[in-house]
Structure formats: C-alpha cells, structure tokens
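One-letter residues, chain by chain:
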Amino acid sequence: MSYSEPLLNQIRVFFLSIGVGVFLCLCYIAVQSLFRLFGKGDRVYYFADGAFCVIFAFVSFFFMVLYNSGQVRLHLVFGEAVGFFALYLSVGRYIEKALRKAAESIRRGVGLLLLPVRLVTRHFCSGAAEIRDKIRLTASKRRSGEEGAEKKTKKFHFLFERHLKNKNKSV
C-alpha cells in the first residue's frame, strides 16, 4: 500500500497541470469572445463566466481522474492557476483584444446583413401598433356611447338607502 506517488510522477503531473491551465486560459478567451458576439452588457459577461466555470470544472475533474487517480492535490490546482495566469498575463491579453475586435466586426457585419429584415420588422410593428391604437379608440368610443345610454336611464342603487326627502322643500 502506497500513501503517495513517487516524486518523479508528481513533477510530471504538475507540469501537465500547467499545460491544462494554459488550455483553460485558451478556453476562457474563446468563451469570452464567443459570447461577445451577443452583446456587451453585464448579462453577456455573466453567461460567459458561467459557461467557463462549467468548462473549468469538467476539464479539471477529468484531468484529476485521468492523471492523478481521482485525487485532488493542491499542487495540481496551483499548477493549473500558474498555467492560466502565465498565458493570460503574457499573450492572452493580446489574443483576447484581437478576438474581441473580430467578434465586434462580425456583429456589425451580421447587423448590416440583417438590416433589411430589421427595417421590415420595424415597419410591420409600427403598422400593427397603429391598428391596435385604432381598435382601442373605437372600443373606447363604443363604451362611451353605452355609458351615455346608461346615463339617460335612471339608475337604481339597491346597495345603500336613498333619502326621498328633498332638503330644499318645506314639506
């Protein structure tokens, strides 16, 4: 029964974990750039970070299962972090900027291609809004006409007592 791996094997797995960290950094940059196609708001960042966390969990889990017999060791997590930040702080920023510009240009290109569709949709929606407003106007005219007919007839209120005496009369 062995309580620890041989030292040579631990160093080999540590360097492999640095490689996994580099791979995870590339995944992070790719996911951020992919989600950048959908917009620039906070929701896009939240969804991208959520997707990256799922990818990170799966890759780390399978790495630990395959190369370290399912044991989570601190030096492996540290190796992943070293690989991630080494790539991100050296070359990753530049790759991310280039992919961000590419994603924004793709968004603009798709927006220009879909411009006729957007214009037709906008005109259709404005026409539908005008029709809706006309329908509401005619319905309100009908209701006001019905209320006018109701005002001509005497209303009986049975829920409360009405005094029949006129205060201005002496009798």
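The structure presented is a predicted model; accordingly, all values stated were derived computationally and were not measured. Residue positions are given per chain, counted from 1 along the sequence in the order it is written. Thresholds applied to this predicted model are a pLDDT of at least 70 for local features of residues and 80 or more for the giving and counting of side-chain atom pairs; totals over whole chains, interfaces and linings are not thresholded and use all residues. Heavy atoms from the whole structure form the basis of all side-chain values; hydrogens and water molecules are not counted.

## Quick word on the confidence of the model for the protein
- Scored by pLDDT, the protein has a mean of 83; 82% of the residues are at 70 or more.
- Note on scores: pLDDT gives the predictor's confidence for each residue, bounded by 0 and 100. Comment: elements are numbered from the N terminus, with helices defined as DSSP H or I runs of at least four residues and strands as E runs of at least two. Mean pLDDT values for the elements of the protein range from 78 in helix α4 (residues 115–152) up to 91 in helix α2 (residues 42–67).

## Quick word on the packing of aromatic side chains
- Only Phe, Tyr and Trp rings are paired, with Trp represented by its six-membered ring, and only when their centres lie within 6.5 Å; those with planes under 30 degrees apart are stacked, over 60 edge-to-face, the remainder tilted. Summed over all chains, the structure comprises 12 aromatic pairs.
- Centre to centre, the rings of Phe61 and Phe62 are 5.2 Å apart; their planes meet at 70 degrees, and the pair counts as edge-to-face.
- When its relative accessible area of 49% is taken as the criterion, Phe61 is described as partly exposed.
- Here the term buried applies to any residue with accessible area under 20% of the maximum for its type, exposed to any over 50%, and partly exposed to those in between, with areas from a 1.4 Å probe on protein chains only. Phe62 sits in the partly exposed class, given a relative accessible area of 45%.

## Comments concerning empty space enclosed by the protein
- Here the term cavity refers to a set of points on a 1 Å grid, laid over the protein atoms alone, in which a 1.4 Å probe fits but cannot get out; the term pocket refers to an open set having protein on both sides within 12 Å along at least five of seven lines, with lining residues being those that place an atom within 4 Å of a point. Grid points are joined across faces, edges and corners, and a volume is the space filled by probe spheres set on the points. Counting across every chain of the model gives 2 cavities of 30 Å³ or more.
- In this model, the second largest cavity occupies a volume close to 40 Å³.
- Lining the second largest cavity we find Gln32, Ser33, Arg36, Glu96 and Arg100.
- With 3 residues, the single largest contributor to the lining of the second largest cavity is helix α1 (residues 7–36).
- Each residue receives one of three labels: charged for Asp, Glu, Lys and Arg, nonpolar for Ala, Val, Leu, Ile, Met, Phe, Trp, Tyr, Cys and Pro, and polar for the others, Gly being one of them. Looking at the lining of the second largest cavity, its residues break down into no nonpolar, 2 polar and 3 charged.

## Observations concerning a nonpolar patch on the surface
- Taken together, the side chains of Leu16, Val54, Phe58, Phe61, Phe62, Val65, Leu66 and Tyr67 make up a nonpolar region of the molecular surface, amounting to roughly 790 Å² of accessible area.
- Broken down by element, the nonpolar patch gets its largest block of residues, 7 residues, from α2. Patch membership needs two things, relative accessible area over 30% and no salt bridge, and members are linked within 9 Å if like-charged or within 5 Å if nonpolar (Val, Leu, Ile, Met, Phe, Trp, Tyr). Accessibility throughout is a Shrake-Rupley quantity obtained with a 1.4 Å probe, and a residue counts as covered only by protein chains that appear here. When a carboxyl oxygen of Asp or Glu is within 4 Å of a side-chain nitrogen of Lys or Arg, the pair counts as a salt bridge.

## Topic: the nonpolar core
- Throughout, nonpolar core names a set of buried Ala, Val, Leu, Ile, Met, Phe, Trp, Tyr and Cys residues whose side chains join them through atoms within 4.5 Å. With 12 residues, the main nonpolar core is built from Val13, Val20, Leu24, Cys25, Tyr28, Ile29, Phe52, Phe63, Met64, Leu76, Phe84 and Leu87.
- By residue number, the principal contributor to this core is α1, which donates 6 residues.

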